[in-house]
Every structure is written in C-alpha cells, then in structure tokens.
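These are the residues of each chain, in order.
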Amino acid sequence: MGTAFEHLKALVVEDNLHMRAILRSLLADMGIGEIFEAADGGKAFALLPLVRPDFVVTDLAMVPVDGIAFTRELRTSHESPNPFLPVIMVSGHTERARIVAARDAGVNEFIAKPITARNLFLRIAQVVERPRPFVRAACYFGPDRRRQNDAFHVGPWRRQEDRARNVAMV
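What comes next concerns the included structure. As the structure is a prediction and not an experimental result, all values here were calculated from the model.

**So, the overall build of the protein chain**
Right, on to step 1. In terms of helices and strands, the protein chain carries 6 helices and 8 strands.
Right, on to step 2. Secondary structure elements in the protein chain, listed N-terminal to C-terminal, are β-α-β-α-β-α-β-α-β-α-β-β-α-β.
Right, on to step 3. Long-range pairs, those at least 24 residues apart, make up 64% of the contacts in the protein chain between residues at least 6 apart in sequence.
Right, on to step 4. Counting only carbon and sulfur atoms, one obtains 54% of the accessible surface of the protein chain, whose full area is about 9500 Å².

Put into structure tokens, the structure is as follows:
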C-alpha cells in the first residue's frame, strides 16, 4: 500500500552528515518517493534542474552558501528553475532576527531543532496540501508572509498601501 507522499521528491540541504542522515530517514519513513542530498546551498542550486524536487528541506547555517542565501537565489535568480519551490528551513538558530531573515528570503516554513517527525510531517503537509499564494513586490518575492486569513477581506490587497507599492499576488 502506498502513502500520500510516495509521489514526492525532496531535496535535503544540510552540511552536517549526521543531520542529513536523520532528515533522510525521517523523509523515507514518511514515504517520500525520492530523496536527494546536497551539502550546501550552492550544490543544491546546481542540483535543482537535474532532480526537480517538489520541496526542499534546508539548514540555515552552512558554508559556503547558507540556507538563506540559497532561498534568496531560488526566489530571485533568473537561473532558478522554479522560484515557487517550497522551502522548509530547519535550524538550531532560533533567534528572532534569523527567523525574520529566513522569512524575508522567502522560506515557506521554519522548524527549530531538535526536529520531530511530527513537526516535519506537518510542515510538509502544509507546503504540499495548503500552499500559500506568492507575493511579488519591489523588495520581496515569495510566499505570502501573512499567516492569518481575514474572513471579511475581499480582493488581493489587505493594506491600503499595497496598491500604491505595486504589490501583486502571484
């Protein structure tokens, strides 16, 4: 019997070999069909057109290319094969400034280490089954950073100044 995730392909981007093995094992246990690995964001970016993953699980702190730089490149580079690719960031660095930097780079979801199978599963389900719309603005491209849905809101702009700033839902 198959799983709901058996048709999915994941790319794990992590410089720590042990953590990469843990993530691979968790994804395999969830039934992810194909799992690819890269040791940093630069190697991951080069792999994207070859493996065409459905989502990425990336660490934040890596060298030479960290998870934030990778995500920013994925979202904004003309060389990006899929700027809409969901990115789940995993990190032990949970200071507010780092989480905000990840969000502002275009990360879809963030998981604090130590991770659990349940948290990873919930984040994958979120990006696969309930993806957020993407927003294109002068200084940002990525998933809509606003999490709450206003039942009374009608239209693409939630703020009066969104129209003036040339913000578009993609």
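**Considerations on the pairing of strand β5 (residues 109-112)**
As a general feature of sheets, a regular strand has side chains that alternate between the two faces.
Right, on to step 1. Here 4 bridges tie strand β4 (residues 87-91) to β5, and the two strands are oriented parallel to one another. Directly across from M89, in β5, lies its bridge partner F110.
Right, on to step 2. Crossover handedness for the path β4 to helix α4 (residues 96-105) to β5: right-handed.

**Some thoughts on the pairing of strand β7 (residues 140-143)**
Right, on to step 1. Sheet topology places strand β6 (residues 134-137) next to β7; 4 bridges connect them, and they run antiparallel. Within the sheet, the bridge partner assigned to R136 lies in β7 and is F141.

**Re the packing of aromatic side chains**
Right, on to step 1. On inspection of all chains with the given rule, the structure shows 4 aromatic pairs.
Right, on to step 2. Three or more aromatic residues joined by ring pairs form one cluster here, namely F84, F134 and F141.

**A short note on unusual backbone geometry**
Right, on to step 1. For the bond running from V63 to P64, omega is 5°, close enough to zero to count as cis.
Right, on to step 2. Checked against the element boundaries, P64 lands in the loop between β3 (55-59) and α3 (67-76).
Right, on to step 3. The linkage connecting K113 with the following residue, P114, adopts the cis geometry, with an omega of 0°.
Right, on to step 4. Relative to the elements of secondary structure, P114 occurs in the loop between β5 and α5 (117-129).
Right, on to step 5. Unlike most non-glycine residues, R52 shows phi in positive territory, near 45°.

**Quick notes on the environment of A21**
Right, on to step 1. Its location among the elements puts A21 in helix α1 (residues 17-29).
Right, on to step 2. Assessed through its relative accessible area of 43%, A21 is described here as partly exposed.
Right, on to step 3. The spatial distance from the C-alpha of A21 to the C-alpha of E37 is 9.4 Å, given a sequence separation of 16 residues.

**Notes on the pattern of salt bridges**
Right, on to step 1. If you walk through the whole model with that rule in mind, you get 9 salt bridges.
Right, on to step 2. Here R103 and D104 are joined by a salt bridge, their closest N and O atoms 2.8 Å apart.
Right, on to step 3. What makes D104 partly exposed here is its relative accessible area of 32%.
Right, on to step 4. Here E129 makes a salt bridge to R130, at a shortest N to O gap of 3.5 Å.
Right, on to step 5. Residue class for R130 comes out partly exposed when judged on its relative accessible area of 44%.
Right, on to step 6. Taken together, the shared-partner salt bridges connect E14, D59 and K113 into one network.

**Observations concerning the nonpolar core**
Right, on to step 1. Judged by nonpolar contacts, the single largest core of 21 residues is most densely connected at L27, I32, F55, L120 and I124.
Right, on to step 2. Listing elements by their share of this core, those giving two or more residues are β1 (9-13), α1, β3, β4 and α5.
Right, on to step 3. Sequence-distant contacts of L120, defined by excluding residues within four places in its chain, comprise L23, L26, L27, M30, V57 and I111.
Right, on to step 4. A38, V56, M62 and L74 belong to the second largest nonpolar core, which has 19 residues in total.

What counts, and where the lines are drawn
Residues numbered from 1 in each chain as written. Predicted model: local features only at pLDDT ≥ 70, side-chain atom pairs only at ≥ 80, totals over all residues. Heavy atoms only, no water. Helix = DSSP H or I, 4+ residues; strand = E, 2+ residues; numbered from the N terminus. Contact = heavy atoms within 4.5 Å. Areas by Shrake-Rupley, 256 points an atom, 1.4 Å probe, with all protein chains shown as cover. Pairing = 2+ DSSP bridges. Right-handed = clockwise from strand over helix to strand, strands pointing away. Phe/Tyr/Trp six-rings, centres within 6.5 Å; stacked < 30°, edge-to-face > 60°. Buried < 20%, exposed > 50% of the residue type's maximum accessible area, 1.4 Å probe, protein only. Salt bridge = Lys/Arg side-chain N within 4 Å of Asp/Glu carboxyl O. Core = buried A, V, L, I, M, F, W, Y, C linked by side-chain atoms within 4.5 Å.

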